[in-house]
Amino acid sequence: MDDLHEQGGAARVTHMHGELFKSRCDRCAMPPFEDRNTYEPPAEIPRCACGGQIRPHICWFGEVPYELDAIYAALSACTLFMAVGTSGMVEPAASFVAHLRGRARTIYVGPEDPANRASFTECYLEKAGELLPALLGC
Ligand SMILES: [Zn+2]
């Protein structure tokens, strides 16, 4: 949800859980817009021109994650999949690795066993900050 991937130089990031520094209308199709307000919250929830409420561009629990079509399209072309530091319990992301079974190298890196460990071809129970530089040749 933050922009750490972009700050790290990633050019293609899919924010399936939204973007912390954007807001959107809860009613109309106005695209999410940059919103880095760090001041005190307003006395009233801001309104869109359509009358809807402006809300964080974040996927709350119980809502459908964003950009699932793009994610499944990317998975269909994927040959290397890496999950880092996830519990492997929250759907639909927990099932992404299962879509790749038998046709892609799938790697998990994290300090604890994920719930979906059996779906990975490789599992490294180590701290990502220590293992990833070596694994990725950085
Ligand atoms: Zn609106």
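Numbering of residues starts from 1 in each chain and follows the order in which that chain's sequence is written. In view of the model being predicted, local features appear only for residues whose pLDDT reaches at least 70, and side-chain atom pairs are presented and counted only at 80 or more, with totals across whole chains, interfaces and linings using the full set of residues. Side-chain numbers here rest on the full set of heavy atoms in the structure, without hydrogens or water.

A. Up close: the coordination of the zinc ion. Looking at the zinc ion, one finds its protein donor set to be Cys-25 (SG), Cys-28 (SG), Cys-48 (SG) and Cys-50 (SG), positioned 2.2 to 2.4 Å from the metal centre. Nitrogen, oxygen and sulfur within 2.8 Å of a metal are treated as its donors, or within 3.2 Å for sodium, potassium and calcium (Na, K, Ca); water is not counted, so a site can appear incomplete. When four donors show all angles between 85 and 135 degrees the site is tetrahedral, when four or six donors have opposite pairs over 155 degrees and all other angles between 65 and 115 it is square planar or octahedral respectively, and in every other case it is irregular. The site at the zinc ion holds 4 donor atoms, and with the angles between them running 98 to 116°, its shape is tetrahedral. Look at where the donors of the zinc ion fall in the sequence and you get C-x2-C-x19-C-x1-C. On the criterion of sequence distance, the pair formed by Cys-25 in strand β1 (residues 18–25) and Cys-50 in the loop between β2 (33–34) and β3 (54–58) is long-range, its members being 25 residues apart. Burial classes follow relative accessibility: with a 1.4 Å probe on protein chains only, a residue under 20% of its type's maximum area counts as buried, one over 50% as exposed, and anything between as partly exposed. Looking at Cys-50, the relative accessible area reads 34%, which means it is partly exposed. Helix and strand definitions follow DSSP, with helices as H or I runs of at least four residues and strands as E runs of at least two, each counted in order from the N terminus.

B. Structural view of the packing of aromatic side chains. Classification of ring pairs rests on two measures: the distance between centres of Phe, Tyr or Trp rings, Trp counted by its six-membered ring, which must be within 6.5 Å, and the angle between planes, read as stacked under 30 degrees, edge-to-face over 60 and tilted in between. Inspection of the entire model under this criterion finds 3 aromatic pairs. In textbook terms, an aromatic cluster arises when at least three aromatic residues are bridged by ring pairs, as seen for Phe-81, Tyr-108 and Phe-120. Throughout this description, the term charge over a ring refers to an Arg CZ or Lys NZ atom that lies within 6 Å of the ring centre and within 35 degrees of the ring normal. When the ring centre of Phe-21 is taken as origin, the NZ or CZ atom of Arg-36, which lies over that ring, is 4.2 Å away.

C. Region of the structure containing the sheet that holds strand β5 (residues 105–110). The 3 strands lie next to each other as β4-β5-β6, forming an open sheet whose pairing is parallel. Each edge of the sheet is formed by a strand with only one pairing partner; in this case those strands are β4 (80–84) and β6 (122–125). Taking each pair of neighbouring strands and ignoring which way they run, the sheet shows an average axis angle of 10°. Alignment of β5 against β6, held across 4 bridges, turns out to be parallel. Following the sheet pairing, Gly-110 is matched in β6 by Leu-125. By definition, residues are in contact when any of their heavy atoms lie within 4.5 Å. Every angle, taken between N-to-C directions, lies between 0 and 180 degrees, and every axis is a line fitted to C-alpha atoms, over only the stretch in contact when it is a helix. Against the sheet, helix α3 (residues 128–135) touches β4, β5 and β6, its axis set at about 145° to β5. Note on pairing: two strands pair once DSSP finds at least 2 bridges between them.

Keep in mind these numbers describe shape, not what the thing actually does.
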